[in-house]
Amino acid sequence: MAESAKDAILVRIRTALSGTSDARADAPAEAAAAAMPRAYRQQDARNQTEIVAELIDRLRDYKAHVDHVEPAALAEAIAHACAAYGIRRLVVPADVPAEWLPAGVEALRDDPPLTNAQLDESDGVLTGCAFAIAQTGTIMLDGGAQQGRRALSLVPDRHLCVVRADQVVGIVPEGISRLAAHPTRPITFISGPSATSDIELSRVEGVHGPRTLHVLLVVEG
Amino acid sequence: MATRETGGIRPLPAFPDTARVALANTQLRRNLGKATTTIRAKRANVVSELPDWEELREAGAAIKADVMRHLDRYLLQLEESVTRAGGHVHWARDAAEANAIITRLVRATGAERVVKVKSLTTDEIGLNEALRRVGIVAVETDLAELIIQLAGEKSSHILVPAIHKNRSEIRDLFRRTIAQGQELSDEPQQLTAAARRYLREQFLSAQVAISGANFGVAETGTVAVVESEGNGRMCLTLPRTLITVMGIEKIIPTFRDFEVFLQLLPRSSTGERMNPYTSLWTGVSPGDGPQAFHLVLLDNGRTQVLADEVGRQTLHCIRCSACLNICPVYARTGGHAYSSVYPGPIGAILTPQLLGLERAKTLPYASSLCGACYEVCPVKINIPAVLLHLRGEVTQRAGPLDPEGVVMRQLATIFASPKRYERAQRLGRRGQRLFVRDGTISRLPGMLAGWTRARDLGPIPQQTFREWWRQREPQGSQGPKGGA
Amino acid sequence: MRVALFITCFNDTLFPQVGIATTHVLERLGHTVIFPEAQTCCGQMHFNTGYQRETIPLVRHFVEVFGDAEVVVAPSASCVGMVRELYPTVAHLSGDEKLAARIAALLPRVYELSEFLVKRLNVSDVGAYFPHRVTYHPTCHSLRVLRLGDAPLRLLRAVKGIDLVEMPPAQAAECCGFGGTFAIKNADTSLAMLGDKMRSVLDTSAEVLCAADTSCLMHIGGGLHRLRAGVRTLHLAEILASTEASAETSSESTPEEA
């Protein structure tokens, strides 16, 4: 039965298009793709310093917290953030380096995989990221290095995220093109804490997902 | 041919009647007015930031046009990619078939409760009712959808469905349902926190989730959900089984095309540079998220829309609601007046094409043709052109004895001949004497009474322009027939 | 130039003073105005109401009448909008390629009044004098179809003695609710839109409301008159025709004592 629904729909489509008076209708897919108008910006012309500065600006605009740190000071910044938020049990992906983990904080490594209850009862999560887009203040996770599976950065109420300056691109097309190297990974775009404007259009931040987003932006001296 | 009607064959209520009722709802008018004014400004602001907005619109329009022209090919490619990545693809000719497939899939898991991400497509097919009939509860997890579900109502806006409710109504609702026995003020913050507590339990224990899809990439099999609250991420990540219902027109050809649509959509819908959360997933990822993924591809009338060369562009819609927010009609009548899951300007062209013109023939006229929708549409759907096209279809089907048609055809004959035209002018001028009082016409009969209900009309002047022209001293040259 | 005046059936019958004013303005600028008397109606009302095939004979007639004109000018953004935007569609419907070709050749010569003055003739100051407080409503056809831009405002700003006050852009740009047969078929919604437009007009404390379309003016002005708001309407041409020497045109687009 599923088969015949598929056939039926394909027949409908071909019939619907058969009268099309457009020459391009017969063009092969590659030719059509090549002819697509893409005159929008593909590349950000600014230098990396400006781009990183814009990311910080956009993150703060979304009320995410941003620490601007040198590589050597990263561990200390993480420890400081944990203390500030009262984080005692910290979820981490299995491949997060030991140097990142503050003393006095119980690190819950996701190996073997933590249960939903454990994630829910934790105080926060620490991850890296795949890339970040400055223009929109977006952090992208794709489950790659130091990111772990999606539930880790979703269930705990505070998300500490390490972003390196060299991971920051300027505009959206650049971010997508980086992700396109591994398009079938599970990908999450995060642009600030969750929000709703569903009650009389008053914007309320922090519905589901971590209500605190704390970014540790690592910039070489 | 399989039916494309989702609920019976009765015509929808006439828009002028439903609009009249809605216009009298003062709370709706205030909420809508405030919401649309706010969002319009936000949208204009973030769009003006981009120097290449028009180029993005151009690309979006071209990509979607290409998708429609090769829809069969792209659907087959999508099916292949999703299957390769461990997902299952199902095809549904209409709402009934889609509901049957989904019900079967849910039952196979043994679950009696599913969590849902907001999806207009699932509203379109009446999924929640179909599930309820077999004892499966679908818990809406979008705050606004939760509100209207608890209240037993229908959405009035694509993006802000509970816009017609105020905070104290919502507090009372929550006290009766999800927050029984809790101290609750009507502060949005508290109301949201109450919803969060209730829904968190649901997320952490749910076995099955049902979502829609904003985009489905043919090349890679990647599906995307764009959201703000985080309930999408919860539903798409935590349960074991995920079922996604996607209209066949939601396809985009390549992964790269996200660079266009993820710029167009957030700025057009919520007026933000980017919405808080976007999730992309492909089939099944071992150890991460649902281990069973089902994609249900839905026709339900879309292939009919595809068959109309002018109407086809309606399928380009990415459900941003920019047209709703800018529309002077929608901003005053709200969504219920359109009697459809899809309201506003896009609804005025999509609903008649999906349901059949006979069922929704007043919708193409629910517009003053101001063109503001076309200006803001991120994929350049020429809504006014499609409205005009559909109006043409409506009059053609009305038959030769339709009273309005008879009058209009008579008028056309008069206008086609200068002699008849001038005679009609003189007749009108004589005939108006009945209606002119103290230099004004304040009451007109029959169909025209609508005009004088709230407006005065000046009398037809005693001399037409051409009569003035003929009487004037010849000044310069004036050819015998003018332009010859 | 020899300017063929396309008066529009609406102005011809209900607002002849707009045609008279247009004639005066063009002649004052040294052009010859001719009036092809066989003209009737552009067909917009029929087309927009869905009677699109019925406009074919009207389109043919228009092309017959104006086809050889050096230039065609109309004091109506909506009628020029019909001709420029939709005549090619009507030609396509008729399947008559000769008609399509004649339309394509004619369209570049068809202008709305303000765009003719400002964009074609490069003139903003037409020597007008109008010492009154005026606000301007950019009709939907002016704004979105013809994209007149600020041409009408430039002409108004150059009028001697004028006290020009603009409505806030977002309010000015919103449709007044006329929409042709929309005002009849969806009367309630039309009136809701009219109410807000009148409020925007009244908030400017203007004495006169001006626009490039008498259709919208009839709708807004009709409402203002019913409310005894004390605001009158004038078409752009009427203001431009007003000079220190001439008496200001006393008839208007709203009703008055006979």
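Residue indices begin from 1 for each chain and proceed along its sequence in written order. Lettering of chains starts at A and numbering of ligands starts at 1, both following the order in which they are written. Given that this is a predicted model, residues contribute local features only at a pLDDT of at least 70 and side-chain atom pairs are listed and counted only at 80 or more, while totals for whole chains, interfaces and linings are drawn from all residues. The basis for every side-chain value is the complete set of heavy atoms in the structure, and neither hydrogens nor water enter the calculation.

**Q** I tried to follow the packing of aromatic side chains on my own but got confused; where do I start?
**A** Each aromatic ring pair is specified by the distance between its two centres and by the angle formed by the two planes. Between rings of Phe, Tyr and Trp, where Trp is taken as its six-membered ring, a pair exists when centres lie within 6.5 Å; planes separated by under 30 degrees are stacked, by over 60 edge-to-face, and by other angles tilted. Across all of its chains, the model carries 19 aromatic pairs over all chains by this definition. Ring geometry for Phe-10 of chain C versus Phe-15 of chain C: centroids 5.8 Å apart, planes at 40 degrees, classification tilted. A 1.4 Å probe rolled over the protein chains alone gives each residue an accessible area, and that area as a share of the maximum for its type sets the label: buried under 20%, exposed over 50%, partly exposed in between. We classify Phe-10 of chain C as partly exposed; its relative accessible area is 24%. An aromatic cluster of three or more residues is present, and its members are Phe-215, Phe-255, Phe-258 and Phe-261 of chain B.

**Q** I would appreciate a short explanation of the sheet that holds strand β12 (residues 212-218) of chain A in the present structure.
**A** All names here are of chain A. Read across the sheet, 6 strands follow the order β1-β12-β7-β4-β2-β3 without closing on themselves; strand pairing throughout is parallel. For this open sheet the edge positions go to β1 (65-69) and β3 (106-109), each flanked by a neighbour on one side alone. For this sheet, the mean angle separating the axes of adjacent strands, direction not counted, is 25 degrees. The pairing criterion for strands is at least two bridges between them, as found by DSSP. The helix and strand labels rest on DSSP assignments: H or I over at least four residues marks a helix, E over at least two residues marks a strand, and numbering proceeds from the N terminus. Of the pairings in the sheet, the one linking strand β4 (residues 124-127) to strand β7 (residues 158-164) comprises 3 bridges and is parallel in character. Residue pairing in the sheet places Val-125 in a bridge with His-159 of β7. Here an axis means a line fitted to C-alpha atoms, over the contact stretch when the element is a helix, while the angle between two N-to-C directions is reported on a 0 to 180 degree scale.

**Q** Just to check I follow, could you spell out the confidence of the model for chain C for this structure?
**A** Note: predicted coordinates in regions of low pLDDT should not be interpreted at a detailed level. The score called pLDDT rates the predictor's confidence residue by residue, from a low of 0 to a high of 100. Taken over all residues, the pLDDT of chain C has a mean of 94, while the share at 70 or more is 95%. This complex was scored by the predictor with a pTM of 0.94 and an ipTM of 0.94.

**Q** How do you make sense of the packing of helix α4 (residues 56-66) of chain C against helix α5 (residues 77-94) of chain C when you look at a structure like this?
**A** Two measures define how a pair of helices packs: the angle their axes make with one another and the distance between the axes. Residues and elements named next belong to chain C. Between α4 and α5, the shortest axis-to-axis distance is 10 Å and the interhelical angle comes to 115 degrees. As for the relative orientation of α4 and α5, their crossing is left-handed in sense. Counting all contacts with α4, which are made through Ile-56, Leu-58, Val-59, Arg-60 and Phe-62, the residues of α5 involved are Val-83, Tyr-87, Val-90, Leu-93 and Ser-94. Left-handed is the label given to a crossing in which the near helix is rotated counterclockwise from the far helix by less than a right angle, and right-handed is the label when the rotation is clockwise. Contacts are residue-level and defined by heavy atoms, with any inter-residue pair within 4.5 Å sufficient.

**Q** Before we go on, may I ask you to explain the interface of chain B and chain C in this structure?
**A** A common way to state how big an interface is: give the accessible area lost once the parts meet. Listed per partner, the contact involves 72 residues of chain B and 73 residues of chain C. Defined in terms of a 1.4 Å probe, buried area is the accessible area two parts forfeit on being brought together, summed over both. Summed over both sides, the interface of chain B with chain C buries roughly 6,300 Å², with 58% coming from carbon and sulfur. In terms of surface lost to chain C, no three residues of chain B exceed Arg-455, Asp-456 and Phe-465 of chain B, which account for 11% of the buried area on that side. Counted as salt bridges are all cases of a side-chain nitrogen of Lys or Arg within 4 Å of a carboxyl oxygen of Asp or Glu. One can count 14 salt bridges joining chain B with chain C. In this structure, the salt-bridge partner of Arg-332 of chain B is Glu-174 of chain C, at a minimum N-O distance of 2.8 Å.

**Q** Before we go on, may I ask you to explain the pattern of salt bridges in this structure?
**A** Oppositely charged side chains can pair when the atoms bearing their charge come close. On inspection of all chains with the given rule, the structure shows 57 salt bridges over all chains. Residue Asp-96 of chain C is joined to Arg-60 of chain C by a salt bridge in which the shortest nitrogen-to-oxygen separation is 2.7 Å. With Asp-96 of chain C in the loop between α5 and α6 (97-106) and Arg-60 of chain C in helix α4, this pair connects stretches of sequence that are 36 residues apart. Owing to a relative accessible area of 22%, Asp-96 of chain C belongs among the partly exposed residues under this scheme. Each of the salt bridges in this network shares a partner with another, and the network as a whole consists of Arg-40 and Arg-332 of chain B together with Glu-174, Asp-196 and Arg-199 of chain C.

**Q** How should the environment of Leu-117 of chain C be read in this particular structure?
**A** Residues and elements named next belong to chain C. Residue placement: Leu-117 occurs in helix α7 (residues 113-120). Residue Leu-117 is classed as buried on the basis of its relative accessible area, which comes to 0%. C-alpha of Leu-117 to C-alpha of Glu-174: the two residues are 57 residues apart in sequence and 25 Å apart in space. In this view, Leu-117 contacts Val-25, Leu-26, Leu-29, Asn-122, Val-123, Val-126, Leu-155 and Leu-240; residues no more than four positions away in its chain are not counted.

**Q** What am I meant to see in a positive patch on the surface here?
**A** Residues and elements named next belong to chain B. Residues with no salt bridge and a relative accessible area higher than 30% make up the patches, which join like charges within 9 Å and nonpolar side chains (Val, Leu, Ile, Met, Phe, Trp, Tyr) within 5 Å. Working definition of accessibility: Shrake-Rupley area with a 1.4 Å probe, residue cover restricted to the visible protein chains. Charge counting follows a simple rule: Lys and Arg are positive, Asp and Glu are negative, and His as well as the terminal groups are ignored. Here the site of a charge means atom NZ of a Lys, CZ of an Arg, CG of an Asp or CD of a Glu. Positive charge collects at one region of the surface, where Arg-420, Arg-423, Arg-426, Arg-430 and Arg-433 lie side by side. If you trace the backbone, Arg-430 turns up in helix α20 (residues 418-431). Residue classification places Arg-430 among the partly exposed residues on the basis of a relative accessible area of 48%.

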